[in-house]
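Listed here are the chains, written in short residue letters.
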Amino acid sequence: MTVSLADIDLSDVAFWERPMAEREEAFALLRAQPAPVRFAEPDISFALPGGTGYYALVRHADIVEASRNPEIFSSGRGATAIHDLGPEFGEYFGSMINMDDPRHARLRRIVSRAFTPRMIGRFEDDVRKEAGRIVDDLIVKGPGCDFVTEVATKLPLKIICDMMGIGAEHYQTVFDASNIILSGGDPEFIEDVSRAAELLLGAGQRLQDLVVSLAAEGGDNLITSLTSANIDGEKLTMQELGSFFILLVVAGNETTRNAISHGLQLFTDNPDQRALLLEDLEGRLPGAVEEIVRLASPVAWMRRTLTRDHEMNGHPYRKGDKVLLYYWAANRDESVFADPYRFDIRRAGGAHVAFGGPGPHFCLGAHLARREIVVMFRELFTRLPQIRSIGEPVRLRSSFINGIKRLECDF
Ligand code: HEM
């Protein structure tokens, strides 16, 4: 062991810049502790006062149990930030991911019909055609280009924008705003930390303005369904519509983009697994995609807050305690996944939690994301079976999103 407990501070952004092997070792050490370890909250200027720190839940069993008990492990005080944030953030980011049932369930019901496997199946043709165009353009661009910009970004962005009725002229706005919202403070997107709140709220405002103009246009898309949705006799307010839209566009593009980029990196680092996949592309692709998503865990954690005193897996928690559900760490839990660091596209057993644990907040877009990743790699490996990354990926400096900003490719 080269990492000791005293070396681990999950709230220090420098921890997330450490090499993968060190982070994996640190989380293995945290999983081996008799009790969950508590960390102080990162210091940010726009948090409400009174942050009491959080427990890092790093074992698969803890994450599954917390997810199954949402009335005790609540999302309502914020799931996507460690800190309690002021009401101005709720304006743009107060959507169902940060709510508990019954309000969460009512909102989720409005959109869930658009995300069933049957509905996603209706997009299959569009997804396939778009993936084909992306590879055509990549071939024209030639080796040495950035895989993130030329491939991984394009498919999820186009598909979620099509679902919402967002025209191509707005793609850049959506892309830039989601980069800021999920930047985790990476200086490439938030140069001056003292302006972080202003930049985040500005990105929220730009997306809010976009949805207002799209709602006025009408059309056969998700925004129109949201505008006309009726929940128990109530219509969505403009604030609800805006934050719903922001959740869907942000969640719908950045996560899948990162899974696709990690996928290329994993196949580059593991040529034996590429060879196995190419032997039976159609048969092995779905398993390969699950394995990419497990190891990538593009959403590294989500937060919950205890609604009452409660004992879980032998540890007593107090009402008001915050816990971070480290999906990334649970997906490497050696008690669930044999040889957990190995990329094994034929892995059997062990349910990963990259789309969240079993509970009401399980990723709404999981079917869509899986289809997009399957179709993108099918197209890539059919036409450019030897495509690979070159050099080191440029990683996002964030604890929350396991992101890749740039990845040079060769084929
Ligand atoms: C590989 C890609 C993706 C990953 C890894 C991922 C991961 C996650 C995770 C971990 C959660 C759970 C939140 C929690 O525990 O509180 C979640 C929720 C959610 N995801 Fe995804 N996601 C992906 C793709 C997508 C896509 C394509 C969409 C499409 C719009 C989407 C929309 C959502 C929404 C709306 C929620 C909130 C659900 C709720 O609170 O009921 N995600 N996602």
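Residues numbered from 1 in each chain as written. Predicted model: local features only at pLDDT ≥ 70, side-chain atom pairs only at ≥ 80, totals over all residues. Heavy atoms only, no water.

Q: Tell me about the overall build of the chain, and name the residues and values.
A: Of the regular secondary structure elements, the chain holds 16 helices and 11 strands. Against the compact-globule benchmark of 22 Å for 411 residues, the chain has a radius of gyration of 21 Å, which places it among compact chains. For the chain, the C-alpha atoms occupy an extent of roughly 60 × 55 × 40 Å along the three principal directions. When burial is assessed residue by residue, the chain has 55% of its 411 residues classed as buried. A separation threshold of at least 6 residues defines the contact pool for the chain, and within that pool the share at least 24 residues apart is 73%. Counting every atom, the chain has about 17200 Å² of accessible surface; 53% of that belongs to carbon and sulfur. Taking the average location of the 46 positive side-chain charges in the chain and that of its 59 negative ones, the two points are 4 Å from each other. (Helix = DSSP H or I, 4+ residues; strand = E, 2+ residues; numbered from the N terminus. Rg over C-alpha atoms; globule rule 2.2 N^0.38 Å. Buried < 20%, exposed > 50% of the residue type's maximum accessible area, 1.4 Å probe, protein only. Contact = heavy atoms within 4.5 Å. Areas by Shrake-Rupley, 256 points an atom, 1.4 Å probe, with all protein chains shown as cover. Lys, Arg positive; Asp, Glu negative; His and termini not counted. Charge placed at Lys NZ, Arg CZ, Asp CG, Glu CD.)

Q: Could you give an account of the sheet that holds strand β6 (residues 301-306), with specific residues and numbers?
A: The mixed open sheet is built from five strands, whose spatial order is β1-β2-β9-β6-β3. The two strands at the open ends of the sheet, each matched to only one other strand, are β1 (37-39) and β3 (73-74). Taken together, the four bridges between strand β2 (residues 54-57) and strand β9 (residues 322-326) define a ladder with parallel strand orientation. Each bridged residue has a counterpart across the sheet, and for Y54 the counterpart in β9 is K322. Sheet contacts for helix α3 (residues 60-68): β2, β3 and β9; angle to β9, the most-contacted strand, approximately 120°. (Pairing = 2+ DSSP bridges. Axes fitted to C-alpha atoms, helices over the stretch in contact; angles between N-to-C directions.)

Q: Account for the packing of helix α8 (residues 154-164) against helix α9 (residues 171-181), naming residues and giving values.
A: One can describe the packing of α8 onto α9 by two numbers: an axis separation of 11 Å at closest approach and a directional angle of 115°. When the interaxial angle is binned, α8 and α9 end up roughly perpendicular. Helix-helix and strand crossings are classified by hand; for α8 and α9 the assignment is right-handed. Residues L157, K158, C161 and D162 of α8 lie in contact with α9, whose contacting residues are Y171, V174 and F175. (Parallel < 35°, antiparallel > 145°, perpendicular 65-115°, else oblique. Left-handed = near helix turned anticlockwise from the far one by under 90°.)

Q: Describe the coordination of the iron atom of the ligand, with residues and values.
A: If you check the protein contacts of the iron atom of the ligand, you find one donor only, C363 (SG), at 2.3 Å. Tracing the backbone through its elements, the reader meets C363 in the loop between α15 (327-330) and α16 (366-383). (Donors = N, O, S within 2.8 Å, 3.2 Å for Na, K, Ca; no water.)

Q: Outline the pairing of β2, listing residues and values.
A: Along β2, one buried face is formed by Y54 and A56 and the opposite face, lined by Y55 and L57, is buried too. In terms of strand pairing, β1 meets β2 through three bridges, oriented antiparallel. Considered in β2, the bridge of V37 is made with A56.

Q: So what about the environment of A61? Which residues, and what values?
A: Tracing the sequence through the fold places A61 in helix α3. For the pair A61 and F89, spaced 28 residues apart in sequence, the C-alpha to C-alpha distance is 32 Å.

Q: Just give me the short version of the environment of A177, but keep the residues and values in it.
A: Note that A177 resides in helix α9. Overall, the relative accessible area of 0% leaves A177 in the buried class. What A177 contacts, discounting residues up to four positions off in sequence, is A203 and L207.

Q: Got a sec to walk through the packing of helix α12 (residues 238-269) against α16? Specific residues and values, please.
A: The interhelical angle for the contact between α12 and α16, taken along N-to-C directions, is 40°, at an axis separation of 10 Å. One finds that α12 runs oblique with respect to α16. In this structure, α12 crosses over α16, and the sense of that crossing is right-handed. Counted together, T256, A259, I260, G263, L264 and F267 of α12 and A369, E372, I373, M376, F377 and F381 of α16 form the full contact between these two elements. Split by residue class, the contact of α12 with α16 holds nine nonpolar, two polar and one charged. (Nonpolar A, V, L, I, M, F, W, Y, C, P; charged D, E, K, R; others polar.)

Q: Lay out the packing of aromatic side chains in plain terms, naming residues and giving numbers.
A: Evaluated as defined, the whole model comprises 15 aromatic pairs. Considering the side-chain rings of W16 and Y326, the 6.3 Å spacing of their centres and the 10° angle between planes classify their relative orientation as stacked. Linking W16 in helix α1 (residues 13-16) with Y326 in strand β9, this pair joins segments that are 310 residues apart in sequence. Residue class for W16 comes out buried when judged on its relative accessible area of 5%. Judged by relative accessible area, Y326 falls into the buried class, the value being 1%. Through a chain of ring-to-ring contacts, three or more aromatic side chains come together here, namely F15, W16, F27, Y326 and W328. We note R38 situated over the ring of Y55; from NZ or CZ to the ring centre the distance is 4.8 Å. (Phe/Tyr/Trp six-rings, centres within 6.5 Å; stacked < 30°, edge-to-face > 60°. Lys NZ or Arg CZ within 6 Å of the ring centre and 35° of its normal.)

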